[in-house]
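Residue-level structural notes
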Amino acid sequence: METVGHKLQKEFLKKSQQLGKIPNAFLFVGKEGIGKKLLALEFAKGLLCQKFEPFGCNGCKSCRQINSFIEALKKGEEDKFFYYARGDDGKKHFAYLIGDHPDLAVVIPDGNQIKIDQIRELQEFVALKPTGKFKVIVIDQAGKMNTQAQNALLKTLEEPPPGTLFILISTTMGELLPTIVSRCQVLEFKPLKPQEVKEVLKKLNRDILKEVENLILEEGSFDLLKVENENLFTILSRLSRYSNLTFEEIVKLAEEIEKFDTEEKELFLKLIEEELTKKVVNGEFPLEVFERVKPLLEDMKVGLKRGLKFKLAVENLLFTLKGF
Ligand SMILES: [Zn+2]
């Protein structure tokens, strides 16, 4: 078992397999980057295991196939498993991910949505008899299903072929139709505890900037590790000398930061806030300036999703910081 933490949820899943009380659909809800998808895949592995061992025996052919799928997904190699199908328009489009095991599919958004064509392909996938007892479909970022896709999925959830299990994964329930939620067994997941974060860090065994590690501990989530922009960290180290920055430097930095994608910008804001909070606590930064900066940071976080002019906001932020 690779998933760290979430003891109660694991116990619940194990019991449901042992008692043969597996619902047609689970909905895993909780913050991103805490291991929901990994646990879903490990539960699927157990159901498809030739020894029917909860979370897998890791020795049988089925477990080995799924383990290599999981390992590749962990490395971000989704593109190895793309399954394309021909849509109504006659064009090929992305449907879902499938590894060596024929009874496990993982749906991820096509662009920024999960589309109805993808759900139609899933319906074909579940209509085929499983090679064993089960067919498992993990729908990652289920909240990204558009309304048409959700309505199509609802039909399948109402009358699923025997042995079909859907595991929907989402950060909130709010984006899903209540009729979908009501057809799912909901399992809520909490952020990881500091001890659990440390355990995962040990397993990951990679170099992580101390500031990022602190944020991971604080948030109980590994979501931040999605960002792998070295440039971001270089810029942050330059920013730590903000009181010495010249006007030209600030404008140039703001230009570079503007080029980040949304996730990187979010991380940038979080790291600045983390650093300033630490400095305020250590008496290295005046609280009254921090109180002026904090709402700026909050506005920027909200603004990010609404097309805020990030460059101007960064300049404003840096001038405020410099001015103390
Ligand atoms: Zn096995």
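Residues numbered from 1 in each chain as written. Predicted model: local features only at pLDDT ≥ 70, side-chain atom pairs only at ≥ 80, totals over all residues.

To continue, consider the overall build of the protein. Across its full length, the protein carries 13 helices and seven strands. With the principal axes as the frame, the protein shows a C-alpha extent of 65 × 45 × 35 Å. When each of the 324 residues of the protein is scored for burial, the buried share is 31%. In the protein, the share of contacts with a sequence separation of at least 24, taken over all contacts with a separation of at least 6, comes to 71%. (Helix = DSSP H or I, 4+ residues; strand = E, 2+ residues; numbered from the N terminus. Buried ≥ 20, exposed ≤ 12 C-beta atoms within 10 Å, placed from the backbone. Contact = placed C-beta atoms within 7 Å.)

Bridge analysis of strand β2 (residues 82–86) against strand β3 (residues 92–98) gives five bridges, and the strand direction is antiparallel. Opposite Ala-85, over in β3, you have His-93 as the bridge partner. Connecting β2 to the antiparallel partner β3 that follows it, the hairpin turn spans five residues, and Gly-90 within it adopts a positive phi of roughly 80 degrees. (Pairing = 2+ DSSP bridges.)

Turning our eyes to something else, we now look at the packing of helix α11 (residues 262–281) against helix α12 (residues 287–304). As a packed pair, α11 and α12 sit with axes 11 Å apart at the nearest point and diverge in direction by 165 degrees. It follows from the interaxial angle that α11 and α12 lie roughly antiparallel. Both α11 and α12 take part in a crossing whose hand is left-handed. Taken together, the residues of α12 that come into contact with α11 (itself represented by Thr-262, Lys-265, Glu-266, Leu-269, Ile-272, Glu-273, Leu-276 and Val-280) are Leu-287, Phe-290, Val-293, Leu-297, Met-300, Lys-301 and Leu-304. For the contact of α11 with α12, a count of residues per class yields ten nonpolar, one polar and four charged. (Axes fitted to C-alpha atoms, helices over the stretch in contact; angles between N-to-C directions. Parallel < 35°, antiparallel > 145°, perpendicular 65-115°, else oblique. Left-handed = near helix turned anticlockwise from the far one by under 90°. Nonpolar A, V, L, I, M, F, W, Y, C, P; charged D, E, K, R; others polar.)

We now examine helix α4 (residues 116–127). In a regular helix each residue adds 1.5 Å, so twelve residues correspond to 16 Å; α4 covers 17 Å between its end C-alpha atoms and thus fits that length. Along α4, the residues that are buried comprise Asp-117, Gln-118, Ile-119, Glu-121, Leu-122, Phe-125 and Val-126. Along its buried surface, α4 packs onto β2, β3, β4 (104–107), β5 (135–139), α5 (147–158) and β6 (164–170). (Expected span 1.5 Å × (residues − 1).)

This next bit is on the sheet that holds β3. Spatial ordering of the open sheet is given by β2-β3-β4-β5-β6-β1-β7, a layout of seven strands whose pairing is mixed. Each end of this open sheet is capped by a strand with a single partner; those strands are β2 and β7 (185–188). Neighbour to neighbour, the strand axes of the sheet diverge by 25 degrees on average, direction disregarded. Relative to β6, strand β1 (residues 25–29) is paired through five bridges, and the arrangement is parallel. By the bridge assignment for β6, Leu-27 is matched with Leu-168.

Along the chain, Leu-308 turns up in the loop between α12 and α13 (310–322). You can call Leu-308 partly exposed: it has 15 C-beta atoms within 10 Å. Spatially, the C-alpha atoms of Leu-308 and Gly-283 are 32 Å apart, while their sequence positions differ by 25 residues. Residues in contact with Leu-308, not counting those within four places in the same chain, are Met-300, Gly-303 and Ala-313.

α13 packs onto α12 with a crossing angle of 165 degrees between their chain directions and a minimal axis gap of 10 Å. As far as their axial angle goes, α13 and α12 are roughly antiparallel. Along this stretch, α12 crosses α13, giving a crossing that reads as left-handed. Contact residues: α12 offers Arg-292, Val-293, Leu-296, Met-300 and Gly-303, while α13 offers Ala-313, Asn-316, Leu-317, Thr-320 and Leu-321.

This part is about the domain arrangement of the protein. The domain architecture assigned to the protein consists of domain 1 (7–188) and domain 2 (227–322). Once you take the C-alpha centre of each, domain 1 and domain 2 turn out to be 38 Å apart. (Domains from an automatic or database assignment.)

You can see Arg-86 is positioned in strand β2. Residues Arg-86 and Glu-121, 35 residues apart in the sequence, show an inter-C-alpha distance of 9.2 Å.

You will see that His-6, though not glycine, has its phi angle at about 55 degrees, which is positive. For His-6, the location among the structural elements is in the segment before α1 (7–18). With a phi angle near 65 degrees, Asn-58 is a residue other than glycine that sits in the positive phi range. Structurally, Asn-58 is set in the loop between α2 (36–48) and α3 (61–74). Taking the C-beta count within 10 Å as the criterion, Asn-58 has 16 such neighbours and is therefore assigned partly exposed.

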